[in-house]
Amino acid sequence: MRAMDVTELLDGLNPPQREAVASPLNHQLVLAGAGSGKTRVLVHRIAWLMQIEHISPSSIMAVTFTNKAAKEMRSRVEELTGISPKHLWIGTFHSLAHRLLRTHWKQANLSENFQVMDSDDQLRLIKRIVRGLNIDEEVYQPKQAQWYINAQKDEGLRPQHIQPFGDQWAQTMVTIYSAYEEACQRAGLVDFAELLFRAHELWLNNPSLLTQYQQRFRYILVDEFQDTNTIQYAWLRVLAGNAIPVMAVGDDDQSIYGWRGARIENIQQFSKDFAGAQEIKLEQNYRSTGNILKAANSVIDNNPTRLGKNLWTEGDQGEPIALYAAFNEQDEARFIVDQVESHFKNNDRTYQDMAVLYRSNAQSRVLEEAFIRAGLPYRIYGGQRFYERLEIKNAMAYLRLLQNRHDDASLERVINVPARAIGEKTVETLRQYAREHGTSLWQALEQAIRKDLLAARATTALQKFESLIDEMEVTCQSIELHEQVDHVIQTSGLIEHHMKEKGEKAQARIENLEELVNAAKTFDPDDIEAVDENGEPVDVEYASPLAAFLDQAALDAGDAQADEFEDSVQMMTLHSAKGLEFPVVFMAGLEEGLFPHKMSADDPNRLEEERRLCYVGITRAMEKLYICYAESRRMYGQENFASPSRFIREIPHDTIEEVRLKATVSKPVSQQFSVESAQEATGLKIGQQVWHAKFGEGTVLDMEGQGAQARVQVSFDFDGTKWLVAAYANLRPMDL
DNA sequence: GTTAAGGCATTTTTT
DNA sequence: ATGCCTTAAC
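What counts, and where the lines are drawn
Along each chain, residue indices are assigned from 1 in the same order as the chain's sequence is written. The naming scheme follows written order: chains are lettered A onward, ligands numbered 1 onward. Local features in this predicted model are restricted to residues whose pLDDT is 70 or higher, and side-chain atom pairs enter the listing and the counts only when it is 80 or higher, whereas totals over whole chains, interfaces and linings include all residues. The side-chain values count all of the structure's non-hydrogen atoms but skip hydrogen atoms and water molecules. UniProt positions are given in the numbering used here, feature names are shortened, and annotations may be inferred rather than shown by experiment. Secondary structure is summarised from DSSP: a helix means a run of H or I of at least four residues, a strand means a run of E of at least two, and numbering begins at the N terminus for each. A contact between two residues is defined here by any heavy atoms of the two lying within 4.5 Å. To sort residues, take the accessible area from a 1.4 Å probe on protein chains only and compare it with the maximum for the residue type: under 20% means buried, over 50% means exposed, and anything in between is partly exposed. Only heavy atoms are used to decide nearness, and a residue is near a molecule or strand if one of them lies within 4 Å of it. Counting of polar contacts relies on pairs of N or O atoms within 3.5 Å, with two restrictions inside protein: one atom must be capable of donating a hydrogen and the other of accepting it, and residues adjacent in sequence are counted only when both atoms are side-chain atoms. Basically, the charged four are Asp, Glu, Lys and Arg, the nonpolar ten are Ala, Val, Leu, Ile, Met, Phe, Trp, Tyr, Cys and Pro, and anything else, Gly included, counts as polar. Here, any two strands with at least 2 DSSP bridges between them count as paired. Comment: axis = line fitted to C-alpha atoms, over the contacting stretch for helices; angle = value between 0 and 180 degrees taken between N-to-C directions. For classification purposes, an angle smaller than 35 degrees is called roughly parallel, one larger than 145 roughly antiparallel, one from 65 to 115 roughly perpendicular, and anything else oblique. Should the near helix be turned anticlockwise from the far one by less than a right angle, the crossing is termed left-handed; should it be turned clockwise, right-handed. Salt bridge criterion: a side-chain nitrogen from Lys or Arg within 4 Å of a carboxyl oxygen from Asp or Glu. Each domain's limits were defined by an automated method or a database of domain assignments. The buried area of a pairing is the accessible area, by a 1.4 Å probe, that goes missing from both parts when the two are put together, added over both. Aromatic pairing here means that ring centres of Phe, Tyr or Trp (its six-membered ring) are within 6.5 Å. Orientation follows from the plane angle: under 30 degrees is stacked, over 60 is edge-to-face, and everything else is tilted.

Quick look at the UniProt feature "binding site: ATP" (unreviewed entry) in chain A
Consideration 1: Look at the UniProt record and you will see "binding site: ATP" (unreviewed entry) annotated at Ala32, Gly33, Ala34, Gly35, Ser36, Gly37, Lys38 and Thr39.
Consideration 2: Within the fold, Gly33 resides in the loop between β1 (28–32) and α3 (38–51).
Consideration 3: Every residue in contact with Gly33, bar those within four places of it in the chain, is listed here: Asp251, Gln254, Leu282, Lys309 and Leu311.
Consideration 4: Owing to a relative accessible area of 21%, Thr39 belongs among the partly exposed residues under this scheme.

A closer look at unusual backbone geometry
Consideration 1: In this structure, Pro418 follows Val417 across a cis peptide bond, with omega equal to -5 degrees.
Consideration 2: Position of Pro418 relative to the elements: it lies in the loop between α17 (408–414) and α18 (424–437).
Consideration 3: Residue Pro596 is reached from Phe595 by a cis peptide bond, and omega for that bond is 5 degrees.
Consideration 4: Even without glycine at this site, Asp348 takes up a positive phi of about 70 degrees.
Consideration 5: Residue placement: Asp348 occurs in the loop between α14 (329–346) and β10 (354–358).
Consideration 6: Of note in this structure, Asn730 is not a glycine but carries a positive phi near 50 degrees.
Consideration 7: Mapping Asn730 onto the fold places it in the loop between α30 (726–729) and β23 (732–733).

Section: the protein's contact with DNA strand B
Consideration 1: Near DNA strand B, the surroundings consist of 29 residues, among which Arg359, Arg385, Ala419, Thr573 and Arg606 are the closest.
Consideration 2: What you see for DNA strand B is that sugar and phosphate hold 56% of its atoms within 4 Å of the protein.
Consideration 3: Within the side chain of Arg359, a nitrogen or oxygen atom sits 2.4 Å from a base oxygen of DNA strand B.
Consideration 4: At a separation of 2.5 Å, a phosphate oxygen of DNA strand B approaches a polar side-chain atom of Thr573.
Consideration 5: Those elements that provide at least two residues to the surface near DNA strand B are α25 (574–577) and α26 (604–618).
Consideration 6: Each residue belonging to the surface near DNA strand B can be placed in one class, and the counts come to 10 nonpolar, 14 polar and five charged.

Description of the sheet that holds β23
Consideration 1: Read from one edge to the other, the open sheet built from five strands follows the order β22-β21-β20-β19-β23, with strand pairing classed as antiparallel. Looking at strand neighbours, the two that pair on one side only are β22 (720–725) and β23, the edges of this open sheet.
Consideration 2: Where strand β19 (residues 689–692) lies against strand β20 (residues 696–704), four bridges are found, and the strand directions are antiparallel. Residue Gln689 lies in a different strand from β20, and its bridge partner there is Thr699.
Consideration 3: Against the sheet, helix α29 (residues 675–682) engages β20 and β21 (711–716), with an angle of about 135 degrees to β20.

Examining the packing of helix α19 (residues 441–450) against helix α20 (residues 456–476)
Consideration 1: It is the contact of α19 with α20, at a shortest axis distance of 10 Å, that shows an interaxial angle of 130 degrees. For the element pair α19 / α20, the angle class is oblique. As for how α19 packs across α20, the hand of that crossing is left-handed. For the pair formed by α19 and α20, the contact residues are Trp442, Leu445, Glu446, Ala448, Ile449 and Arg450 on the first element and Thr459, Leu462, Gln463, Phe465, Glu466, Ile469 and Asp470 on the second.
Consideration 2: Residue composition of the contact of α19 with α20, by class: seven nonpolar, two polar and four charged.

Some remarks on the pattern of salt bridges
Consideration 1: On inspection of all chains with the given rule, the structure shows 51 salt bridges.
Consideration 2: It is possible to trace a salt-bridge network through shared partners that takes in Asp118, Asp120, Asp121, Arg124, Lys393, Arg400, Asp407 and Arg413.

Here's the deal with the domain arrangement of chain A
Consideration 1: Domain boundaries assigned for chain A yield domain 1 (6–106 + 197–284), domain 2 (121–187), domain 3 (321–385 + 560–658), domain 4 (391–522) and domain 5 (675–733).
Consideration 2: On a C-alpha basis, the centroid separation for the pair domain 1 and domain 3 is 32 Å.
Consideration 3: With 15 residues of domain 1 at the contact, the number on the domain 3 side is 10 residues.
Consideration 4: Summing both sides of the interface, domain 1 and domain 3 together bury roughly 1100 Å²; the carbon and sulfur share of this comes to 53%.
Consideration 5: Looking only at domain 1, the three residues that lose the most surface to domain 3 are Asp253, Gln254 and Ile256, adding up to 46% of its buried area.
Consideration 6: Where domain 1 meets domain 3, there are two salt bridges.
Consideration 7: Two residues, Glu224 and Lys578, come together in a salt bridge whose shortest N-O distance is 3.4 Å.

Considering the packing of helix α2 (residues 15–22) against α3
When two helices pack together, their arrangement is captured by the angle between the axes and the distance separating the axes.
Consideration 1: As a packed pair, α2 and α3 sit with axes 8 Å apart at the nearest point and diverge in direction by 40 degrees. Between α2 and α3, the interaxial angle falls into the category oblique. Handedness of the α2/α3 crossing: right-handed. For the pair α2 and α3, contact is made by Gln17, Ala20, Val21 and Ala22 and by Val41, His44, Arg45 and Trp48, respectively.
Consideration 2: Per-class residue counts for the contact of α2 with α3 are five nonpolar, two polar and one charged.

Here's the deal with the packing of aromatic side chains
Consideration 1: The final tally for this structure, using the stated rule, is 23 aromatic pairs.
Consideration 2: Centre to centre, the rings of Phe225 and Phe270 are 5.4 Å apart; their planes meet at 75 degrees, and the pair counts as edge-to-face. With Phe225 in the loop between β6 (219–222) and α11 (230–240) and Phe270 in helix α12 (residues 266–273), the pair connects residues that are 45 residues apart, well separated along the chain.
Consideration 3: Judged by its relative accessible area of 0%, Phe270 falls in the buried class.

Overview of the environment of Val725
Consideration 1: If you trace the backbone, Val725 turns up in strand β22.
Consideration 2: On the basis of relative accessibility, which here comes to 30%, the residue Val725 falls in the partly exposed class.
Consideration 3: Sequence spacing of Val725 and Arg633 is 92 residues, and the spatial spacing of their C-alpha atoms is 28 Å.

Points about the pairing of strand β16 (residues 621–635)
Consideration 1: In terms of residue burial, β16 counts as a mostly covered element, since 12 of its 15 residues are buried.
Consideration 2: By the bridge criterion, five bridges tie strand β15 (residues 582–588) to β16 in an arrangement that is parallel. Bridge pairing in β16 places Phe582 opposite Ala621.
Consideration 3: Two elements, β16 and strand β17 (residues 638–641), share four bridges in a ladder whose sense is antiparallel. The residue bridging Ser632 from the neighbouring strand is Phe641, located in β17.
Consideration 4: If you look at the hairpin formed by β16 and β17, you'll find two residues sitting between the two strands, and Tyr636 has a positive phi there, around 50 degrees.

In structure tokens:
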């Protein structure tokens, strides 16, 4: 261990950062603006705890939202302190919960070899259950049921906790939820939300276990706190109890996951629940130019319900923000390609310095085509991940089946893939048998063969499948993990099966399967850590390397693309850009209806979230920001015309420079209908509650124009959203 | 049991 | 336009 003194740990930190890092061991709420050195504070705080407070690494827990963030934190701690952070508890909520459940599976009322399933598996299972219950799939869609179940779990509700009263729909959902739960329990399957939920119940149902962990942990840090949902917060709160100090780091302005259960209110709640929490704001930005920050601040300022922060920089103003009004989406893409080329040639930029951000994935296609045409290297983030690919899921299903014959979801997935004459009718018979006898499908299959319940042809096919799986297991017992994977994809016939597919797909699929063998080869079960009853770190006793491999794969979606190292322009959605930064950023498609998306347009809360998303986008840019919109855009095969996004109008026009490649007569949009001038004319503010003589109460969503022409968009509580001319509407501000 | 034609919806994503 | 899924025909 390298000795390190106080100054070294605090060097180069600004006053609020220092305060956060060096504060005594009590609760802290750190509101960290974009680019304010948030990760730095977390890493230095951990180092401080270890080296100044002499807390053992195994007594520190740090929770993140993605595996990537966890990995980065781990390596930066090591870099800073020189201490191997192996014993630090750094991970996502899910991975920490998973680790606990693996160790204490008995107390959590799980089977020893429980498997984690991803949302795809979950949906298949729910589909099967809905059918099994003879419920109309049209009215009670499995997708919705899945959403419903996850939402309930995120809120910490079991079926018995829900009183749906007379609501038929909710009642049916609860029925499905109940049946789903039973099926999971029987098959030893755990979905993502269940990991968190069980981990929470583990504390509640085992007070002595909880006490052990409370004695073990001396400090907890939580990153991206604005993204925690109800159950994550509850879990944390129970664990912290009255004794463990917690540092929560987050930014309410960057909360963009409300739609999947994140509770921005947890930030406010934290100060109430964690008594005496010290609040620290990090507002100095080290990432972006003055102009970019001015734009970001100005946009986000239109959100009425925020805690309030203002980013500032010691750096200079920098270049203006470039605004490009494209003729259509092709023109937009061409413009971006041109700018990328010129940055690369003239300004000495590498391609990976540049990123194109967009609201929805559908936009990537046109951009991608333009990049291909221009011969520029690019990389699209998101899209399908490695372990989500069909061929990989098939292979994994076979492997899971070797591990656990009663994994019905996996069995259904591969029983007839590749086709081996086990049709829908046969499977349905098995399902029915399983339902009636409360067994797994595998057991049903065995019985069907033994008791001769099916036609001879079906029985033969089932027998062949049974012996195939049995044979695989026997062979796999004596060979290495990667050989097992190889054996399975060969003898199952998956390779051949996917080879037969038409198009270029076949090649890619085979390569992916080979990559899976490769992943197994490099897999090291020792990377997975856990604890024993006393909370000491130990390697989890996995029944086999295969079990460890399956576990890891379930929680790690894996990267979407392999050729990470080529210098290429990064293209991704605004959501996946969170946490990243680029010298040059293009925000594409800033049009009403697309961004803010029309699905969010009528709800003030969702509109605020869109605006936060815009704020996230702007603050990704370090030096140069381009904003583009298209006057017309072909979407879903239809030509659409939209006006420029309100967010453009919310950017101060003195930070904008309009780029024009074509002769335009109109005034720059940035000045045309700025929100500032409309605010002046109406005396209203976006987000404000107003009252209208006819429509009653509502919330101001947007405004434009100036003087007597100023118009205000209001979302009325009962009459929907309307544009009103301010001069005639006589809107009265309501006191808050 | 496999393949072809029509219907339908189509934000955002991690684990 | 496109992909996904169900239904209908080989």
